[in-house]
Amino acid sequence: MKEKILHFMQGRYGNDELNVVLLIASVVLNLLSPIAQIFSGLGMVCICYAIYRMLSRDIYRRRCENAKIVPYVNFIKAKFKNKGQAKLFMCPKCKRTLRVPKGKGKITLSCPCGEALKRKS
């Protein structure tokens, strides 16, 4: 049976960060479904799209979709990992996460892409 599943999934995209985000969104929407029925429908749409992406054979398109969401997912992960020791900023040009210690006042950040940001830490 395991070999049949491996043979079926050969050449298909599989799981990635966008699928995880879609599945988390579907859980949240299904928890909100007692408020309005539309949330339940949207949750099912998220699940169906995640399954479609997982079973897709168009790997290039799925990677492009995932590449668009990865900077935001990494930014959110860094926010939870950081827990108040530093402040995080996202470069509007290259979407890179810049980390600055808290309590330094107004500073100018230099992103490796060449963008200069004036922010308060």
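Residues numbered from 1 in each chain as written. Predicted model: local features only at pLDDT ≥ 70, side-chain atom pairs only at ≥ 80, totals over all residues. Heavy atoms only, no water.

### With respect to the overall build of the protein
(1) Moving on: Summing up its helical and strand segments, the protein has four helices and four strands in all.
(2) Moving on: Counting helices and strands in the order they occur from the N terminus, the protein gives α-α-α-α-β-β-β-β.
(3) Moving on: Its C-alpha radius of gyration of 19 Å places the protein more than 25% over the 14 Å reference for a compact globule of 121 residues.
(4) Moving on: Seen along its three principal axes, the alpha-carbon backbone of the protein occupies a region of about 60 × 40 × 25 Å.
(5) Moving on: Sorting the 121 residues of the protein into buried and exposed places 25% on the buried side.
(6) Moving on: Within the structure as shown, the protein displays about 8,900 Å² of accessible surface, and the carbon and sulfur contribution to it stands at 63%.
(7) Moving on: Of the charged side chains in the protein, 24 are positive and 6 negative, and the gap between their average positions amounts to 13 Å. (Helix = DSSP H or I, 4+ residues; strand = E, 2+ residues; numbered from the N terminus. Rg over C-alpha atoms; globule rule 2.2 N^0.38 Å. Buried < 20%, exposed > 50% of the residue type's maximum accessible area, 1.4 Å probe, protein only. Areas by Shrake-Rupley, 256 points an atom, 1.4 Å probe, with all protein chains shown as cover. Lys, Arg positive; Asp, Glu negative; His and termini not counted. Charge placed at Lys NZ, Arg CZ, Asp CG, Glu CD.)

### As for the nonpolar core
(1) Moving on: Judged by nonpolar contacts, Phe89, Cys91, Leu98, Val100, Leu109, Cys111 and Leu117 together constitute the single largest core of seven residues.
(2) Moving on: Listed in part, the five residues of the second largest apolar core include Leu22, Leu29, Cys46 and Ala50. (Core = buried A, V, L, I, M, F, W, Y, C linked by side-chain atoms within 4.5 Å.)

### Points about the pattern of salt bridges
(1) Moving on: In total, this model carries four salt bridges according to the counting rule given.
(2) Moving on: A salt bridge links Arg53 to Glu65, with the shortest nitrogen-to-oxygen separation between them at 2.8 Å. Taken together, the positions of Arg53 in helix α3 (residues 37–55) and Glu65 in helix α4 (residues 59–82) put the pair twelve residues apart, joining distant regions of the chain.
(3) Moving on: The exposure class of Glu65 is partly exposed, given its relative accessible area of 22%.
(4) Moving on: A salt bridge links Asp58 to Arg61; the nearest nitrogen and oxygen atoms lie 3.5 Å apart.
(5) Moving on: Take Asp58: its relative accessible area is 30%, and that puts it in the partly exposed class.
(6) Moving on: Among the residues examined, Arg61 registers a relative accessible area of 54% and is labelled exposed.
(7) Moving on: A single network of salt bridges, built from pairs that share partners, joins Asp16, Arg53, Arg62 and Glu65. (Salt bridge = Lys/Arg side-chain N within 4 Å of Asp/Glu carboxyl O.)

### Re the pairing of strand β1 (residues 86–90)
Regular strands show a simple pattern: their side chains alternate between the two faces of the sheet.
(1) Moving on: The element β1 is largely enclosed, with a buried count of four among its five residues.
(2) Moving on: Sheet analysis places β1 next to strand β2 (residues 97–101), joined by five bridges and oriented antiparallel. Across the sheet, residue Phe89 finds its bridge partner in β2, namely Leu98.
(3) Moving on: The turn linking β1 back onto β2 is made up of six residues, and Lys95 within it adopts a positive phi angle of 65 degrees. (Pairing = 2+ DSSP bridges.)

### Quick word on a positive patch on the surface
(1) Moving on: A cluster of basic side chains, namely Lys79, Lys87, Lys102, Lys106 and Lys120, defines a positive patch on the protein surface.
(2) Moving on: Looking at the secondary structure, you find Lys87 in strand β1.
(3) Moving on: Judged by its relative accessible area of 31%, Lys87 is partly exposed. (Patch = residues over 30% accessible without salt bridge, like charges linked within 9 Å, V, L, I, M, F, W, Y side chains within 5 Å.)

### Considerations on the environment of Asn30
(1) Moving on: Mapping Asn30 onto the fold places it in helix α2 (residues 17–31).
(2) Moving on: Separated by 51 residues in sequence, Asn30 and Lys81 place their C-alpha atoms 27 Å apart.
(3) Moving on: Those residues in contact with Asn30 that lie beyond four places of it in its chain are Phe39, Ser40, Gly43 and Ile47. (Contact = heavy atoms within 4.5 Å.)

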